[in-house]
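# Analysis of the macromolecular model
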Amino acid sequence: MAISDKLTKLSTDITNAYNSIQEKGGTIPTNKNTENLSSSISSIKSYEDEYLKLISDRKNNYNPTNLPSEITKIDEYAFAGCTNLALTSLPDKIGHIGSYAFYNCTNLALTSLSDKLGYIGSYAFSGCTNLALTSLPDNIKTIGSYAFNNCKNLALTSLPQNLLYINNSVFNKCRSLKITELPVSCTKIYSYGLSGCIGITELTLPETFTRLYNAALSDCTNLTTLKILASTPPAIDSTTTFSNCPKLTRIEVPSASLEAYKTAKIWSNYANIMVGV
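As a starting point, this report considers the structure included with it. (Residues numbered from 1 in each chain as written. Predicted model: local features only at pLDDT ≥ 70, side-chain atom pairs only at ≥ 80, totals over all residues. Heavy atoms only, no water.)

Moving on, we get to the environment of Cys128. Within the secondary structure, Cys128 is located in the loop between strand S3 (119–120) and strand S4 (142–143). Residues Cys128 and Phe148 lie 20 residues apart in sequence; the distance between their C-alpha atoms is 7.6 Å. Residue contacts for Cys128: discarding those within four places in its chain leaves Phe102, Asn104, Cys105, Leu108 and Cys151. (Helix = DSSP H or I, 4+ residues; strand = E, 2+ residues; numbered from the N terminus. Contact = heavy atoms within 4.5 Å.)

Within the largest apolar cluster, 69 residues are counted, with the highest numbers of intra-cluster contacts made by Phe102, Phe125, Phe148, Phe171, Leu194 and Trp267. At the level of secondary structure, the elements contributing two or more residues to this core comprise strand S6 (202–205), strand S8 (225–228), strand S10 (250–253) and helix H3 (258–263). Those residues in contact with Leu194 that lie beyond four places of it in its chain are Ile166, Phe171, Leu177, Ile179, Ile189, Ile200, Leu203, Ala216, Leu217, Ser218 and Cys220. (Core = buried A, V, L, I, M, F, W, Y, C linked by side-chain atoms within 4.5 Å. Buried < 20%, exposed > 50% of the residue type's maximum accessible area, 1.4 Å probe, protein only.)

For the rest of this paragraph, the subject is the packing of aromatic side chains. For the structure shown, the criterion picks out 14 aromatic pairs. Their ring planes at 5° and their centres at 4.7 Å tell us that Tyr77 and Tyr100 sit as a pair that is stacked. A residue pair is termed long-range when its members are at least 10 positions apart, and Tyr77 in the loop between strand S1 (73–74) and strand S2 (96–97) and Tyr100 in the loop between S2 and S3 qualify at 23 residues. For Tyr77, a relative accessible area of 48% translates into the label partly exposed. Taking 5.3 Å as the distance between ring centres and 80° as the angle between the ring planes, the aromatic pair formed by Phe242 and Tyr270 counts as edge-to-face. With a gap of 28 residues between them, Phe242 in the loop between strand S9 (235–236) and S10 and Tyr270 in the loop between H3 and strand S11 (274–276) connect regions that are remote in the sequence. A relative accessible area of 5% places Phe242 in the buried class. (Phe/Tyr/Trp six-rings, centres within 6.5 Å; stacked < 30°, edge-to-face > 60°.)

Here it is as structure tokens:
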């Protein structure tokens, strides 16, 4: 490329750069040269900061009393960060709640969810500290990771009867959770799935249960009794599975499998508190 062609291209690139900055609300200097380009680019950030502030203010002040009855789906991030949102119910037709849909909606006060609901995405209700649901629809088969993370007032007494597994950190730090058993359909608890659930005192794992992942039941400080119905000892990924469970003093397993449990990897660490039933 000839020198003249290179200069022409450079001039065009600089012009295009300034046009793009102007479209984004940036500051344009009188002298549109390369020396002023960097400061002009940095002005976009100020513009973006103002835009983000406007969005934040909108969310902080957004507080509808209800949603249109025809809604069937709530998309990702739909109400994320709406700290004043205090809905107590959602439309009956909602079958899908996307990831981060109600993330950190600290005043959300739902008392129930639609029976048609089949999907809850990751982080959907994470940080919703005022959420006090006592049940979830049985239609739900999977719940995304961290979906109810740190929902300290979530007061579930049971889980959906078709739930396939407890995902990563789904109920992490749900201090008011009071479930006593997992549904027959549930085969695994992933990492930190029920960690910090201090409301759980006894828990029964079904015959179909196959695996406990890292820290799955860690920090369940009031857990006293674990009942396992599976004849084959479920796999355990780590010694942290029951870390900081100081009151765990009884693990019940099928009598015919007692020795298998007592000699199984990691389970053997708890042989002295195992009993066959």
